[in-house]
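Analysis of the macromolecular model
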Amino acid sequence: MHIDRKSALAGCLLGGALGDALGLAWEGIAPRRQARMRGGGGLRFALWPGLGLVSDDTEHAALTAQALVLSEGDVGRFQRVLAARLRLWIAALPPGVGLATGRALWKLWLGFPPGRNGVRSAGNGPAMRAAVIGVYFADDRERLLAYAEASAHLTHTDPRAIAGAQVVALCAMLATQHKADVGSVTAAIEPTLAGDAPGMADFRQLMAAALKSAGHGETTAAFCAAQSWHKGVQGYIVHTVAASVHAWLRHPRDLATALSAIVDCGGDTDSTAAIVGGLVGAWVGREGIPAKWLAGLRDWPWSAKRLNRLASGLAEGRGQGMSFPFWPLALLRNLLMLLLVLCHGLRRLLPPY
Ligand SMILES: [Mg+2]
């Protein structure tokens, strides 16, 4: 089945948003407790029943998509546009922002220039923004790597964070080409993970283990258990990328199964599922996303409708879907979201444990 570029971009954004929305209620919960709380049912929108609410993962992907269009092929401009959007975004007080991302973005308000505001951290932020870059530059590997690095630098400067973002972007590129085999992924990511920067040898080793495990047909849960990640996949980009790429390789064309496989692993479930959703979505396109889930994706500002419009703008290089969400409404939405997240935090004090 041939997927056109517009459909792949829409699939990537929508698949990522669905992963975010379906994983969000289980963020930070260990896999065993999550299984008890979910009671064996399939994935569903659980933060607010029936409504797909999204978090920073979807917002970062969408703002990155806007910056890709507005930068008109200039990577420096891309970084400045994305910085300006992320600066407004953080000022609307989104709940659940990673520590490094928060620090780096508030530094923009203090006058640090974009690209010199990032903090040395190997958190997940850059991986949230990478899949859409991979689909957008699927035919231009050099620009794909440069844009993934420029995006990563806006929040995280650790070499593992930059490499992690590039690995996700490269896998998204392969997904658009309908390649999800161990050989293709190994060849694509090898140069990115080369070098002797601190921690890079561990990243290489873990990715090799993930690819070998996926090649042997092991489940992603078994791979995570073999790494002793009993509390789930933590918000460390090396672990997040290894687990997410594993789940994608096992189920590259089946969004529901791939998302279940990664959410079952627990931990930073909204981010891991958003990455997996973006990769599977890039393969299956807009048409391969389950309609019942899309109908539930009615959050403001990033509803399925708005993400679709953004994908059209992205594919056609036109201005549609490029406006920044109305800021006072974003602030109000985020305060309501914070209330909801706090209610869920209280709920977690109760059994089952
Ligand atoms: Mg999130």
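Our structure is the block above this text.
Below you will find a few notes about this structure. What you see is a predicted model; the values in this text were computed from it and never measured.

In this section: helix H15 (residues 269-284). For H15, built from 16 residues, the straight-helix expectation of 22 Å at 1.5 Å per residue is met to within 8% by its first-to-last C-alpha distance of 21 Å. Phi turns positive, to about 75°, at Gly285, one or two residues after H15.

Note on metal sites: the ideal angle is 109.5 degrees for four tetrahedral donors, and 90 or 180 degrees for six octahedral donors. Looking at the magnesium ion, one finds its protein donor set to be Ser55 (OG), Asp56 (OD), Asp57 (OD) and Asp270 (OD), positioned 2.0 to 2.4 Å from the metal centre. The sequence motif formed by the donor residues of the magnesium ion is S-D-D-x212-D.

Take the layout of surface pockets next. As a volume, the largest pocket reaches approximately 290 Å³. For the largest pocket, the lining is made up of 18 residues, of which Gly98, Leu99, Asn124, Gly235 and Asp268 are closest to its centre. Those elements that place two or more of their residues in the lining of the largest pocket are helix H5 (99-109), helix H6 (125-128) and H15. Of the residues forming the lining of the largest pocket, the biggest block, 3 residues, is contributed by H5. Its residues assigned to classes, the lining of the largest pocket shows 4 nonpolar, 10 polar and 4 charged.

Evaluated as defined, the whole model comprises 6 salt bridges. Glu316 is paired through a salt bridge with Lys6; the nearest N and O atoms lie 3.1 Å apart. With Glu316 in helix H17 (residues 304-316) and Lys6 in helix H1 (residues 5-23), this residue pair connects regions lying 310 residues apart in the sequence. Residue classification places Glu316 among the partly exposed residues on the basis of a relative accessible area of 34%. Owing to a relative accessible area of 35%, Lys6 belongs among the partly exposed residues under this scheme. Note that Arg143 and Asp140 form a salt bridge whose closest N and O atoms lie 3.9 Å from each other. Note on Arg143: relative accessible area 33%, which makes it partly exposed. For Asp140, a relative accessible area of 26% translates into the label partly exposed.

Following both chains from N to C, one finds H1 and H17 inclined at 145°, their axes separated by 8 Å at the closest point. Our pair here, H1 against H17, has a crossing hand that is right-handed. Touching Arg5, Lys6, Leu9, Ala10, Leu13, Leu14 and Ala17 of H1 are Ala304, Leu307, Asn308, Leu310, Ala311, Ser312, Leu314, Ala315 and Glu316, all from H17.

Evaluation of the coordinates by the stated rule reveals 2 cavities of 30 Å³ or more. If you add up the space inside the largest cavity, you get close to 140 Å³. Residue lining of the largest cavity: 17 residues in total, with Gly16, Asp57, Ala61, Met128 and Ala274 positioned closest to the centre. At the level of elements, H1, helix H3 (56-70), H6, helix H7 (131-136) and H15 are the ones that each hand at least two residues to the lining of the largest cavity. Its residues assigned to classes, the lining of the largest cavity comprises 12 nonpolar, 3 polar and 2 charged. If you add up the space inside the second largest cavity, you get close to 80 Å³. Taken together, Glu59, Leu63, Trp89, Ala92, Pro301, Trp302, Phe324, Pro325, Ala330, Arg333 and Asn334 make up the lining of the second largest cavity. Residue assignment for the lining of the second largest cavity shows that the elements contributing at least two residues are H3 and helix H18 (327-347). For the lining of the second largest cavity, the element with the most residues is H18, which contributes 3 residues.

Criteria and thresholds
Residues numbered from 1 in each chain as written. Predicted model: local features only at pLDDT ≥ 70, side-chain atom pairs only at ≥ 80, totals over all residues. Heavy atoms only, no water. Helix = DSSP H or I, 4+ residues; strand = E, 2+ residues; numbered from the N terminus. Expected span 1.5 Å × (residues − 1). Donors = N, O, S within 2.8 Å, 3.2 Å for Na, K, Ca; no water. 1 Å grid on protein atoms, 1.4 Å probe; cavity = no way out; pocket = protein on both sides within 12 Å on 5 of 7 lines; lining within 4 Å. Points joined across faces, edges and corners; volume = space filled by probe spheres on them. Nonpolar A, V, L, I, M, F, W, Y, C, P; charged D, E, K, R; others polar. Salt bridge = Lys/Arg side-chain N within 4 Å of Asp/Glu carboxyl O. Buried < 20%, exposed > 50% of the residue type's maximum accessible area, 1.4 Å probe, protein only. Axes fitted to C-alpha atoms, helices over the stretch in contact; angles between N-to-C directions. Left-handed = near helix turned anticlockwise from the far one by under 90°. Contact = heavy atoms within 4.5 Å.

Function cannot be inferred from these measures alone, as they are strictly geometric.
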